[in-house]
Amino acid sequence: MTRTDPPTPGAHPPTPGTHPPTPGRGTTPGSGTTVGTGARRRQPRPRWPEGARCAVALTFTLDAELFWLRLHPSAGHRRKTLSLGTYGIRRGVPRLLELLDEYGLPATWFVPERTALRHPDAVRRIATAGHEIAAAAPPVPGETPTASVRETWSRTADLLESVAGVRPTGLRAAPGALGDGHAALLDELGFGWSSSTHGDDRPHRLWSAGRPTPVVELPWLWEYADHPYFLYNGGPVAFPPGESRIAAYGDVLADWKDSFDAFRDHGLCWIPALDPQSIGKPGRALLLEELLDHIRGHDDVWFATGTRVAEHWRRTAGQGTEPGPEPEGHPQRVRAAWHPSSPPPTGP
């Protein structure tokens, strides 16, 4: 696999150990004169299977009507509003499955309890196509797990196992307070990984009571979710709350291409967070197709499900040149130290 980009035709390669000057970073704009010292320093790149330079985990959340029901209590009486979510089941899922099948790409689909109950055929269709089914959970009410949270997570896992035939090992909690004790609860309920937080751009273990758990967190970032750009509805079930208009497809595509390129440059795992009711519409499915064409144009990308990324990270983090899991100052260790009843964090 190619690990470096080919040089631009006619360009002179940089001197080994240096980086070409970039206006605004170590140079005087317009002059090309270097004003900084030394090459740019980076953290060591993570290692990925088969010598891949970076990883991509395609994720879809199958919220369907639940997305709108959470926004406003009147949504349950507004059939037009709820139909926005139903569209994702009826048209978005088949369109996306066809695209993924054509490209031979795996994906992880997060399914909430309500969707599994109301649309079990769609969940089975996704599982039959060979994709991973993971659990989607509602927002947690506080930083300490409650009996209700435990019951909901356990019940959702049981239901998805009965519908899809495989018990989920991953969970994505809707935005909300995810506290210190939730990592221990994930581990207790048999979840090996989560994709619920935004405090990093590489996987890491979740901590509880001042110590690491076996649960791996796969962080995702709002910039790579489709909701902020493409979902829209007027009041009172308004989204976005300010009712800003839908973004131009070309602008979003260009941003996501550049973002993937940056993640690849740093050797990270890029995790788009998509929803069939948004990205599954014809024009946006073409946007996704063009994005995947761009990513697949590189022969050093490892496409994997959330479970495979988590398993790889759990197995390899801290070995060789890979930085050890959660170094001093990492958000997980800092948060663990905030709890006075917790023992001080130990080494990786």
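Reading guide: rules and limits
Residues numbered from 1 in each chain as written. Predicted model: local features only at pLDDT ≥ 70, side-chain atom pairs only at ≥ 80, totals over all residues. Heavy atoms only, no water. 1 Å grid on protein atoms, 1.4 Å probe; cavity = no way out; pocket = protein on both sides within 12 Å on 5 of 7 lines; lining within 4 Å. Points joined across faces, edges and corners; volume = space filled by probe spheres on them. Helix = DSSP H or I, 4+ residues; strand = E, 2+ residues; numbered from the N terminus. Nonpolar A, V, L, I, M, F, W, Y, C, P; charged D, E, K, R; others polar. Expected span 1.5 Å × (residues − 1). Buried < 20%, exposed > 50% of the residue type's maximum accessible area, 1.4 Å probe, protein only. Arc of directions from axis to C-beta. Contact = heavy atoms within 4.5 Å. Core = buried A, V, L, I, M, F, W, Y, C linked by side-chain atoms within 4.5 Å. Phe/Tyr/Trp six-rings, centres within 6.5 Å; stacked < 30°, edge-to-face > 60°. Lys NZ or Arg CZ within 6 Å of the ring centre and 35° of its normal. pLDDT = per-residue confidence, 0-100.

1. Description of the layout of surface pockets
- Empty space within the second largest pocket amounts to approximately 430 Å³.
- Counting only elements with at least two residues in the lining of the second largest pocket, the list comes to β4 (132–137), β5 (170–173) and β10 (273–274).
- Residue classes in the lining of the second largest pocket are distributed as 14 nonpolar, two polar and five charged.

2. Concerning helix α5 (residues 147–164)
- The end-to-end C-alpha distance of α5, which contains 18 residues, comes to 26 Å, matching closely the 26 Å that a straight helix rising 1.5 Å per residue would cover.
- Looking at α5, one finds that the buried residues are V149, T152, W153, T156, A157, L159, L160 and V163. When α5 is viewed along its axis, its buried side chains cluster within an angular range of 165° and face the same direction. In α5, the exposed positions that point more than 90 degrees away from the buried face belong to A147 and S162.
- On the buried face of α5, the contacting elements are β3 (108–112), α3 (113–118), α4 (120–128), β4, β5 and α6 (180–188).

3. So, empty space enclosed by the protein
- Tallying each qualifying case throughout the model produces three cavities of 30 Å³ or more.
- In this structure, the largest cavity spans a volume of roughly 80 Å³.
- Considering the residues around the largest cavity, the lining is formed by 13 residues, among which D201, P219, F263, C269 and I271 are closest to the centre.
- Broken down by class, the residue content of the lining of the largest cavity amounts to ten nonpolar, no polar and three charged.

4. Some thoughts on the nonpolar core
- L58, F60, W109, W153, W256, W270 and L288 are the most contacted members of the largest nonpolar core, which totals 61 residues.
- Here this core gets seven residues from one element, more than from any other, and that element is helix α2 (residues 79–103).
- Discounting chain neighbours no more than four positions away, the residues touching W109 are F60, L62, V93, L96, L97, L100, I126, H131, E132, I133, A134 and P276.
- Counting residues in hydrophobic clusters, the runner-up holds 21 residues, among them A55, F110, W220 and C269.

5. What about the packing of aromatic side chains?
- The full count for this structure, using the stated rule, is eleven aromatic pairs.
- Between the aromatic rings of F60 and W109, the centroid separation amounts to 4.6 Å while the plane-to-plane angle is 20°, which identifies the pairing as stacked. Placement of F60 in strand β2 (residues 59–61) and of W109 in strand β3 is noted, with a sequence separation of 49 residues between them.
- What makes W109 buried here is its relative accessible area of 0%.
- Between F230 and Y249 the ring centres are 5.3 Å apart and the planes differ by 80°, which places this aromatic pair in the edge-to-face class. Taken together, the positions of F230 in helix α7 (residues 227–230) and Y249 in helix α8 (residues 249–266) put the pair 19 residues apart, joining distant regions of the chain.
- Joined through ring pairs, the aromatic side chains of Y224, F260, F263 and W270 make up one cluster.
- The side chain of K281 reaches across the aromatic face of Y87, ending 5.7 Å from its centre.
- Sitting above the plane of the Y103 ring, R296 keeps its charged end 4.1 Å from the centroid.

6. Some remarks on the confidence of the model for the chain
- On average, residues of the chain score 80 in pLDDT, and 77% of them reach the 70 mark or higher.
- Predicted confidence in the chain is weakest over helix α12 (residues 331–338), with a mean pLDDT of 50, and strongest over strand β11 (residues 301–303), with 98.
- The low-confidence segment residues 1–38 (pLDDT under 50) makes 35 contacts with residues lying over four places distant or belonging to another chain.
- Low pLDDT (under 50) marks residues 320–324, which in the prediction has 13 contacts with non-local residues, meaning those over four places away or in another chain.

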